[in-house]
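Residue-level listing of the chains:
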Amino acid sequence: MAGGSAAELILFIAAIVVAASVAGTLTSEVDRVSDAISAKSLDVADEIRADAEIVSDAGAQVYNRSGNENVTVHVRNTGASDLPADSGTVDVLLDGEYQTGVNVSVVGGGDTWHRGEVARLEFSAPDLPTGDHRLKLVVSGDEEVFRFRT
Amino acid sequence: MGFSVSASAGVVFLGVFLAAGIVYPAAANGFEQVSDARHDAADRALAQANTGVTVTNATYNTTTETLVVNATNDGTTTVDVSDATLLVDNEIPAPADTTVSVADDAGTDLWLPGETARFEVDLASAPNRTQVVVDHGVRDASDVVEVN
């Protein structure tokens with residue numbers, strides 16, 4: 001009789017330990033998932049709020065304006081968030097080629113590209129052949145395409 | 001044996017409730033943030049659709065070396081004059097060389113629907129193209145006509 005009670009007690013303790021470990025694992029994993037949901041939703045909200053528009057006039061000269069074989073475009077922050085005015089904010093592709101060394105400067109100065117402000121994007125494109133060109137700009141997931149002729 | 005099952009089931013259910021309590025606020029906050037951002041984006045799209053600008057004429061006076069651009073707000077939203085950008089041959093002229101007046105008022109920052117803004121820029125040489133950009137990236141461009 002006493003042996004039966006001891007066995008039941010051991011089984012009871014084992015059941016509780018297994019249930020507690022299941023519950024603990026579940027809780028900790030769900031905690032991680034909820035952290036990821038929070039971070040992802042912040043990123044998604046930032047992406048939705050960010051918006052930019054290339055406002056350069058394709059009818060006027062875009063390439064080699066200042067004589068140093070640069071492509072210069074003006075981009076307006078039309079989103080609802082301020083963006084840092086550095087080359088890490090924008091990704092530029094010219095005719096499908098990723099451009100490095102893009103110089104971003106806010107017209108009027110400052111390190112922050114506020115809402116409604118225009119930034120000047122300038123990068124070197126030596127010996128750009130005469131003809132049609134396609135510039136793609138990506139700002140926080142927002143994609144803009146600008147086509148011009150040289 | 002029966003009590004063991006009930007007790008362990010209770011512990012597991014407690015864990016499930018705790019997990020639900022953790023995930024619900026995170027999911028609800030995330031959903032709210034994303035839906036707020038979408039609401040803002042929809043508001044911006046509506047304001048952009050209601051904003052309009054037309055360059056009525058752009059003339060360069062070779063005698064006074066002044067570019068005069070007249071643009072009309074033909075949308076239904078009020079535009080900030082300080083946020084309006086004038087591009088002359090894809091360059092933004094220096095603020096010191098540019099004066100803007102709306103309906104002959106140089107002091108106002110409001111460019112109301114139907115009103116015409118006059119941009120005057122001191123330029124040494126005649127430009128070919130000019131463009132006015134207002135809120136939400138709405139813009140209009142025009143060729144520059146030379147006059148004496």
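What counts, and at which threshold
For every chain, the first residue of the written sequence is number 1, and numbering continues from 1 onward in sequence order. For this description, chains carry letters from A and ligands carry numbers from 1, given in the order in which they are written. Reporting of local features is limited, given that this is a predicted model, to residues whose pLDDT is at least 70; pairs of side-chain atoms are given and counted only at 80 or more, and all residues count toward the totals for whole chains, interfaces and linings. The numbering of helices and of strands both runs from the N terminus, where a helix is a DSSP run of H or I of at least 4 residues and a strand a run of E of at least 2. We compute the radius of gyration over the C-alpha atoms and compare it with the globule rule, which gives 2.2 Å times the number of residues raised to the power 0.38. Here exposure depends only on C-beta density: within 10 Å of a residue's C-beta, 20 or more other C-beta atoms make it buried, 12 or fewer make it exposed, and intermediate numbers make it partly exposed, the C-beta atoms being placed from the backbone. Placing C-beta atoms from the backbone, we regard two residues as in contact once those atoms come within 7 Å. Gly counts as polar in this scheme, as do all residues outside two lists: the nonpolar Ala, Val, Leu, Ile, Met, Phe, Trp, Tyr, Cys and Pro, and the charged Asp, Glu, Lys and Arg. In short, DSSP must find at least two bridges between two strands for them to pair. Orientation is described by axes fitted as lines to C-alpha atoms, over the contacting stretch for helices, and by angles from 0 to 180 degrees between their N-to-C directions.

Undergrad: Sorry, what's going on with the overall build of chain A here?
TA: Of the regular secondary structure elements, chain A holds one helix and ten strands. Each helix (α) and strand (β) of chain A, taken in turn from the N terminus, gives the series α-β-β-β-β-β-β-β-β-β-β. Rg of the C-alpha trace for chain A: 28 Å, well past the compact-globule value of 15 Å for 150 residues, more than 25% over. Summarising its shape, the C-alpha atoms of chain A cover approximately 100 × 30 × 20 Å along the three principal directions. By residue count, 25% of the 150 residues in chain A fall in the buried class. Of the contacts formed within chain A by residues at least 6 apart in sequence, a portion of 60% connects residues at least 24 apart.

Undergrad: What exactly am I supposed to notice about the environment of Ala 80 of chain A here?
TA: The residue Ala 80 of chain A is located in the loop between β2 (70–77) and β3 (83–84) in this model. Residue Ala 80 of chain A is classed as partly exposed on the basis of its C-beta count, with 16 C-beta atoms lying within 10 Å. Apart from the residues lying within four places of it in its own chain, the contact partners of Ala 80 of chain A are Arg 49 and Arg 115 of chain A together with Asp 40 and Arg 44 of chain B.

Undergrad: Would you take a moment to explain the interface of chain A and chain B for this structure?
TA: A common way to express how large an interface is: the accessible area buried when the components associate. Listed as interface residues are 43 residues of chain A and, on the opposing side, 42 residues of chain B. Of all the secondary-structure elements, those providing two or more residues to the side of chain A that touches chain B are α1 (2–49) and β2 of chain A. Ranked by residue count, the leading element in the side of chain A that touches chain B is α1 of chain A, at 25 residues. Split by residue class, the side of chain A that touches chain B holds 23 nonpolar, twelve polar and eight charged.

Undergrad: Help me understand unusual backbone geometry in this model?
TA: Note: most peptide bonds trans; most residues except glycine with negative phi. Residues and elements named next belong to chain B. Look at Glu 65: it is not a glycine, yet its phi comes out positive at around 55 degrees. Here Glu 65 is to be found in the loop between β1 (53–61) and β2 (66–73). Accessibility expressed as a C-beta count within 10 Å gives 13 for Glu 65, which makes it partly exposed. Here the phi dihedral of Asp 104 falls at roughly 65 degrees; this positive angle occurs in a residue that is not glycine. Along the chain, Asp 104 turns up in the loop between β5 (98–102) and β6 (110–111).

Undergrad: For this particular structure, what's the right way to read the sheet that holds strand β8 (residues 118–124) of chain A?
TA: Think of a sheet as strands paired side by side through backbone hydrogen bonds, with each pair either parallel or antiparallel. All names here are of chain A. Strand order in this open sheet of four strands is β1-β2-β8-β6, and the pairing throughout is antiparallel. A single partner strand is all that each edge strand has here, and the edge strands are β1 (52–54) and β6 (103–106). Each strand of the sheet is rotated relative to its neighbour by a mean of 30 degrees, with strand direction disregarded. In this sheet, β2 lies alongside β1 in antiparallel orientation, the contact comprising three bridges.

Purely geometric numbers; function is a separate question.
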